[in-house]
Amino acid sequence: MKLYNLKDEAQVVDFETAVKTGLGRNQGLFFPKEIPTLSNIDELLELDVHQRNFQILKNFVSENIDDSSLKQIIDQTFAFPSQLEKVSENEFCLELFHGPTLAFKDFGANFMANCLKSFAEDKPITILTATSGDTGAAVAHAFHGLENIRVVILFPKGKISELQQKMFTTLGDNIHTIAVEGSFDDCQQLVKQSFDQTELVEKVGLNSANSINISRLLAQVCYYFDGFAQLPEEKREQVVVAVPSGNFGNLCAGIIAKTLGLPIKRFIASTNLNDTVPRYLQTGEWSPKETIATISNAMDVSKPNNWPRIEYLMETDQFDSNLLTGGAVNEEQTAETLKALYQQGYTSEPHAAVAYKGLHDSLQQDETGIFLGTAHPAKFKSTVEEILAIELPLPKALADCSEKKDLSHQTSADFGELAKFLYDLK
Ligand SMILES: *Cc1c(COP(=O)(O)O)cnc(C)c1O
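These remarks concern the structure in this document. Just so it is clear, the model here is predicted, and its values are computed rather than measured.

Right, let's get into empty space enclosed by the protein. Inspection of every chain in the model, using the stated rule, returns 3 cavities of 30 Å³ or more. Reported here for the largest cavity is a volume of approximately 260 Å³. Those elements that place two or more of their residues in the lining of the largest cavity are α10 (214-229) and α11 (249-260). Along the lines of polarity and charge, the residues of the lining of the largest cavity split into 8 nonpolar, 12 polar and 3 charged. Reported here for the second largest cavity is a volume of approximately 50 Å³. Forming the boundary of the second largest cavity are Leu94, Tyr224, Gly227, Phe228, Val241, Leu262, Ile264, Ile370 and Leu372. Counting only elements with at least two residues in the lining of the second largest cavity, the list comes to α10 and β13 (368-373). Here the element with the most residues in the lining of the second largest cavity is α10; it accounts for 3 residues.

So this is what it looks like as structure tokens:
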């Protein structure tokens, strides 16, 4: 399938090029002109998860990846489950945190790394990525030790949880990490700026593993089908999905799943106080504010990168904009919701709580709600422990890295410093 640059229709690339380059000219995102409609949704839902993912993904990648390689990539990528857990009669959490770094970002990062491996070339590439918390760990883990690939991860200094940080700053080898004096939006801006420097892009073989990379979104499309398939048959009629959103990659993947034909009735975009999109949906005005630090820090994004993709699907009538509503959840509401969930017998974390709040407030009696559980509660151990007044055991992946030394570098949010760092990489 061909992918178009949403800012420059003349730039048309195949999947391989889109994965390798990340971003198109003028910082435009790559996206299919038209999402196909799959005719056999009921059959797909019956299939085993790897077979189903194969049937979904081959529509997008078959030009560059043959069937047997794709099967292998899928086996390696979806090596852990997406698991639907019931939290009340009509409400379910789709738990996406059973991968190696305990957040849904593992799906996209693993798929991207496995695709790049299958396109292997001699020329070294440098993956430059910004993280609001969880992408860093997922990307670092997926690419650690791969030959010919260097990874540079930018994160906002002091604005992500200690355990989130330790999961990627302690690896070393081909994983370089930089604490930037600034917000996630500043980090994201530095990444975009780098891609504007043709010489830099060429010289260091620059690529991005942010959700601007289409491969990550495509992997995420699959778990919407899987969540749906785990619902009891009688609950599949009127399914509402609430997505805790920051950069809006996850929601975009859900909307792609619906456009492919998965019969989701409507979506709720739940944000924390960084509510650019909910305000936009209400007023029609796009006016990002200064980024605010919250307890759901992986969603502290005020200029969501993936919004143009969602907007494109609406503008081209591939997705009906009436089927998306937004809502912002403040800090107190997040904490209250976390407590309410706990009282229902479900231990969650702030991001999923933001989504649950949006879902619970809007769900009608005849609807079934799914909210996405994007990270393991222990990744936000101190926040969750404080709010719920409980002690959380540390999963092994976190316990292992919490003892190790933080190897991150530090810079200001100045592009010159970053450019020098990239040119100096060995
Ligand atoms: C990245 C992240 C989000 C936001 O996902 P987007 O695709 O950026 O909207 C939500 N929750 C957690 C735990 C995350 O790591």
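This part takes up helix α5 (residues 105-118). Residues spaced three or four apart along an α-helix point in a common direction, a consequence of the helix completing one turn every 3.6 residues. Here α5 contains 14 residues, and its C-alpha end-to-end distance of 20 Å stays within 8% of the 20 Å for a straight helix at 1.5 Å per residue. Most of α5 is tucked away: 12 of the 14 residues are buried. The complete set of buried residues in α5 reads Lys105, Asp106, Phe107, Gly108, Ala109, Asn110, Phe111, Met112, Ala113, Asn114, Cys115 and Leu116.

Spatial strand order, β2-β1-β3: 3 strands in an open sheet with antiparallel pairing. Of all strands in the sheet, those bounded by a partner on one side alone are β2 (8-13) and β3 (30-31). Both strand β1 (residues 3-5) and β3 contribute to a ladder of 2 bridges, which runs antiparallel. Each residue of the ladder has a partner; that of asparagine 5, found in β3, is phenylalanine 30.

A word on the packing of helix α8 (residues 184-195) against helix α18 (residues 415-424). For the pair α8 and α18, interaxial distance at closest approach is 10 Å and the crossing angle is 60°. Overall, the two elements α8 and α18 adopt an arrangement that is oblique. Crossing angle aside, the handedness with which α8 passes α18 is right-handed. Of the residues in α18, those in contact with Leu190, Gln193 and Ser194 of α8 are Phe415, Leu418 and Leu422. The residue makeup of the contact of α8 with α18, split by class, is 4 nonpolar, 2 polar and no charged.

Within the structure shown, the criterion is met by 17 salt bridges. Of the charged contacts, one joins glutamate 89 and lysine 235 as a salt bridge, the two residues approaching to 3.8 Å between their closest N and O atoms. With glutamate 89 in the loop between β4 (83-88) and β5 (91-95) and lysine 235 in the loop between α10 and β10 (239-244), this pair connects stretches of sequence that are 146 residues apart. Assessed through its relative accessible area of 13%, lysine 235 is described here as buried. Arginine 266 is the salt-bridge partner of glutamate 367, the closest N and O atoms lying 2.9 Å from each other. Highlighted residues: glutamate 367 in the loop between α15 (350-362) and β13 and arginine 266 in strand β11 (residues 264-271), separated in sequence by 101 residues. A single burial state applies to glutamate 367 and to arginine 266, both of which are buried. Taken together, the salt bridges that share partners define one network made up of Lys86, Glu89 and Lys235.

Once that is clear, we can look at the packing of α11 against helix α13 (residues 307-315). At a minimum axis separation of 9 Å, α11 and α13 run at an interaxial angle of 25°. Taken together, α11 and α13 sit at an angle that is classed as roughly parallel. Seen from above, α11 lies across α13 with left-handed handedness. Residues Leu251, Cys252, Ile255, Ile256 and Thr259 of α11 pack against Arg309, Ile310 and Leu313 of α13.

Right, let's get into the pairing of strand β6 (residues 125-130). Burial analysis of β6 places 5 of its 6 residues in the buried class, the great majority of the element. On the question of chirality, the crossover connecting β6 to the parallel strand β7 (residues 149-156) by way of helix α6 (residues 135-143) is right-handed. With 3 bridges connecting them, β6 and strand β9 (residues 206-208) associate as parallel partners. Residue pairing in the sheet places isoleucine 127 in a bridge with asparagine 207 of β9.

Conventions and cut-offs
Residues numbered from 1 in each chain as written. Predicted model: local features only at pLDDT ≥ 70, side-chain atom pairs only at ≥ 80, totals over all residues. Heavy atoms only, no water. 1 Å grid on protein atoms, 1.4 Å probe; cavity = no way out; pocket = protein on both sides within 12 Å on 5 of 7 lines; lining within 4 Å. Points joined across faces, edges and corners; volume = space filled by probe spheres on them. Helix = DSSP H or I, 4+ residues; strand = E, 2+ residues; numbered from the N terminus. Nonpolar A, V, L, I, M, F, W, Y, C, P; charged D, E, K, R; others polar. Expected span 1.5 Å × (residues − 1). Buried < 20%, exposed > 50% of the residue type's maximum accessible area, 1.4 Å probe, protein only. Pairing = 2+ DSSP bridges. Axes fitted to C-alpha atoms, helices over the stretch in contact; angles between N-to-C directions. Parallel < 35°, antiparallel > 145°, perpendicular 65-115°, else oblique. Left-handed = near helix turned anticlockwise from the far one by under 90°. Contact = heavy atoms within 4.5 Å. Salt bridge = Lys/Arg side-chain N within 4 Å of Asp/Glu carboxyl O. Right-handed = clockwise from strand over helix to strand, strands pointing away.

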